[in-house]
Amino acid sequence: MPNVIEVNNLQKSYGKLKAVDGISFDVKRGEIFGIVGPNGAGKTTTIECIEGLRNFDKGEISVLNLNPIKDCINFRNRVGMQLQESSLPARLKVWEIIDLYASFYDKSLNQKDLLKKFGLVEKKNDYFSKLSGGQKQRLFIILALLNDPDVIFLDEITTGLDPQARRAMWKMMIEIKNSGKTILLTTHFMEEAEYLCDRVAIIDNGHIIALATPENLVKNLNGCVQISFLIKEDFEIKILESLNGIINIKIIDNKVVIHGNGKNILLDVVNLLSESKIDFTNLNMKQPNLEDVFLELTGHEMRD
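These remarks concern the structure in this document. (Residues numbered from 1 in each chain as written. Predicted model: local features only at pLDDT ≥ 70, side-chain atom pairs only at ≥ 80, totals over all residues. Heavy atoms only, no water.)

With respect to the packing of aromatic side chains
Tallying each qualifying case throughout the model produces five aromatic pairs. In this arrangement the basic side chain of Arg-166 is found over the ring face of Phe-189, its NZ or CZ atom lying 4.0 Å from the centre. Here Arg-167 stacks its cationic end above the ring of Tyr-195, 5.7 Å away from the centre of that ring. (Phe/Tyr/Trp six-rings, centres within 6.5 Å; stacked < 30°, edge-to-face > 60°. Lys NZ or Arg CZ within 6 Å of the ring centre and 35° of its normal.)

A word on helix α3 (residues 94–102)
Val-94, Ile-97, Ile-98 and Ala-102 are the residues of α3 that are buried. The buried residues of α3 occupy an angular sector of 135 degrees when the element is viewed end-on, so they sit on one face. Of the surrounding elements, those touching the buried residues of α3 are α4 (111–117) and α5 (133–145). (Buried < 20%, exposed > 50% of the residue type's maximum accessible area, 1.4 Å probe, protein only. Helix = DSSP H or I, 4+ residues; strand = E, 2+ residues; numbered from the N terminus. Arc of directions from axis to C-beta. Contact = heavy atoms within 4.5 Å.)

Considering the sheet that holds strand β3 (residues 32–36)
With mixed pairing, six strands are arranged side by side in an open sheet as β5-β6-β7-β3-β8-β9. With partners counted over all chains shown, the strands left at the sheet margins are β5 (79–82) and β9 (207–212), one partner each. Strand-to-strand twist across the sheet, computed as the mean angle between neighbouring axes with direction ignored, equals 15 degrees. Where β5 and strand β6 (residues 151–155) come together, four bridges link them in parallel fashion. Within the sheet, the bridge partner assigned to Gly-80 lies in β6 and is Ile-152. (Pairing = 2+ DSSP bridges. Axes fitted to C-alpha atoms, helices over the stretch in contact; angles between N-to-C directions.)

A word on unusual backbone geometry
With a phi close to 55 degrees, Leu-64 is a non-glycine residue in the positive phi region. Here Leu-64 lies in the loop between β4 (58–63) and α2 (72–78). Of note in this structure, Glu-156 is not a glycine but carries a positive phi near 55 degrees. Relative to the elements of secondary structure, Glu-156 occurs in the loop between β6 and α6 (163–178).

Looking at a negative patch on the surface
A cluster of acidic residues, Glu-233, Asp-234, Glu-236 and Asp-279, forms a negative patch at the surface. Among the secondary structure elements, Asp-234 is positioned in the loop between β10 (225–231) and α9 (238–241). Overall, the relative accessible area of 77% leaves Asp-234 in the exposed class. (Patch = residues over 30% accessible without salt bridge, like charges linked within 9 Å, V, L, I, M, F, W, Y side chains within 5 Å. Areas by Shrake-Rupley, 256 points an atom, 1.4 Å probe, with all protein chains shown as cover. Salt bridge = Lys/Arg side-chain N within 4 Å of Asp/Glu carboxyl O. Lys, Arg positive; Asp, Glu negative; His and termini not counted. Charge placed at Lys NZ, Arg CZ, Asp CG, Glu CD.)

Topic: the pattern of salt bridges
Taken as a whole and judged by the stated rule, the model has eleven salt bridges. Across the salt bridge formed by Lys-28 and Asp-26, the nearest N and O atoms sit 3.8 Å from each other. For Lys-28, a relative accessible area of 29% gives the class partly exposed. In this structure, Arg-167 and Glu-191 form a salt bridge, with 2.4 Å as the shortest nitrogen-oxygen distance. Of this pair, Arg-167 sits in helix α6 while Glu-191 is found in helix α7 (residues 190–196), placing the two residues 24 residues apart along the sequence. When salt bridges with common partners are traced through the structure, they connect Asp-26, Lys-28, Glu-31 and Arg-199 into a single cluster.

Describing the packing of α5 against α6
At a minimum axis distance of 12 Å, the contact between α5 and α6 shows a crossing angle of 15 degrees. The angle between α5 and α6 falls in the class roughly parallel. Seen from above, α5 lies across α6 with right-handed handedness. Of α6, the residues touching α5 (which contributes Gln-137, Arg-138, Ile-141 and Leu-145) are Met-169, Met-172, Met-173 and Ile-176. (Parallel < 35°, antiparallel > 145°, perpendicular 65-115°, else oblique. Left-handed = near helix turned anticlockwise from the far one by under 90°.)

Observations concerning the sheet that holds strand β13 (residues 280–286)
As summarised here, the arrangement of the four strands in space is β11-β12-β10-β13, forming an open sheet in which the pairing is antiparallel. Of all the strands in the sheet, just β11 (246–252) and β13 have a single pairing partner and so form its edges. The mean angle between the axes of side-by-side strands here comes to 15 degrees, regardless of whether they run parallel or antiparallel. Of the pairings in the sheet, the one linking β10 to β13 comprises five bridges and is antiparallel in character. Among the inter-strand pairings, Gln-226 is bridged to a residue of β13, identified as Lys-286. Packed on one face of the sheet, helix α10 (residues 265–275) meets β10, β11, β12 (255–260) and β13 and runs near 20 degrees to β10.

Put into C-alpha cells, the structure is as follows:
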C-alpha cells in the first residue's frame, strides 16, 4: 500500500528538553497507525507537528504529498483532527457547532447522517455544556469527519471515558477505517493499541524504541506467560518447580502465581495439579501483551 504520511528525522525541542528526537516512520493508506507510550513521551508533540499545528526544528513531513504548513489550505481540506484538549463555547448547540465547522470547508458530509451514525440525533439541540464526556468525544469525531477527510488524526481519543464508552469508541474507529480512511492516533492505553492498530510505534523520551504490528512486537518479546489459580489448602511450591519452563512461583494468600514459558506449560501445570490431587479453582492464563513489551524495552511501568 502507498504511504500517505512520511516522517523523516523529526526533531522538536523546548529549551534544553528534546521532546522529539529524530523520529522517522510512515503510515500506509487504509491502516490505523498508533503512536503509543506514557504521557510526556512526545506523542502529542509529534502528532501536532504532523498536523501542522506546531513548528518543528528539523526534519521532513509529508501528508498526502502535501507539506502541512506550506500547503495548509489544501491540507486542511483533506485531513480531519481531534485534539488531545479541545473545548467549545458552552452555550453553542450541537447543530450550531457542526454548522459552524462545515462552513470552514469546501465540502462537507451530510450533518444529519453523521448525527445519526454517532448517536447524537436527540442531542442536536442541546448545549455543548450539557453533553457527557462520551457525547463530547463523539461530537469531536463528527467534526473530524465533517469534511470527508482522507486522513484522520486522533490524539488520546478515549482519555477520560469509562470502559463502556471506550469500547464503543473503538468500534467507531474500526468502522471509520473500514470506510477507507487512514487513521493516525496516539494513546497511552496499551490495550487500545492492541485492539485498534495495524502497526504501532512505541515512543519514550522522544525516541521510537520499537515499531511493528502488535502481534510481532509481542512475538519478538519472547516473554513468559502468567498462570494463576486459587487453592483451598496448604500448597508446596516444590510440586511445580520440577516442570520444564517454570521461571518463578509465588503464593499470595491462597493465590498461586506462576511465570514460565513453553508450548504446553498450562497443560503440564493442570496435569500435575490433578495428579497431585490439589484442589484448585479460578485457573487463569495471561499472555504477554504490549504493556509487557514496553516494560521489557524501557525497564519501567507505564506512566499515566
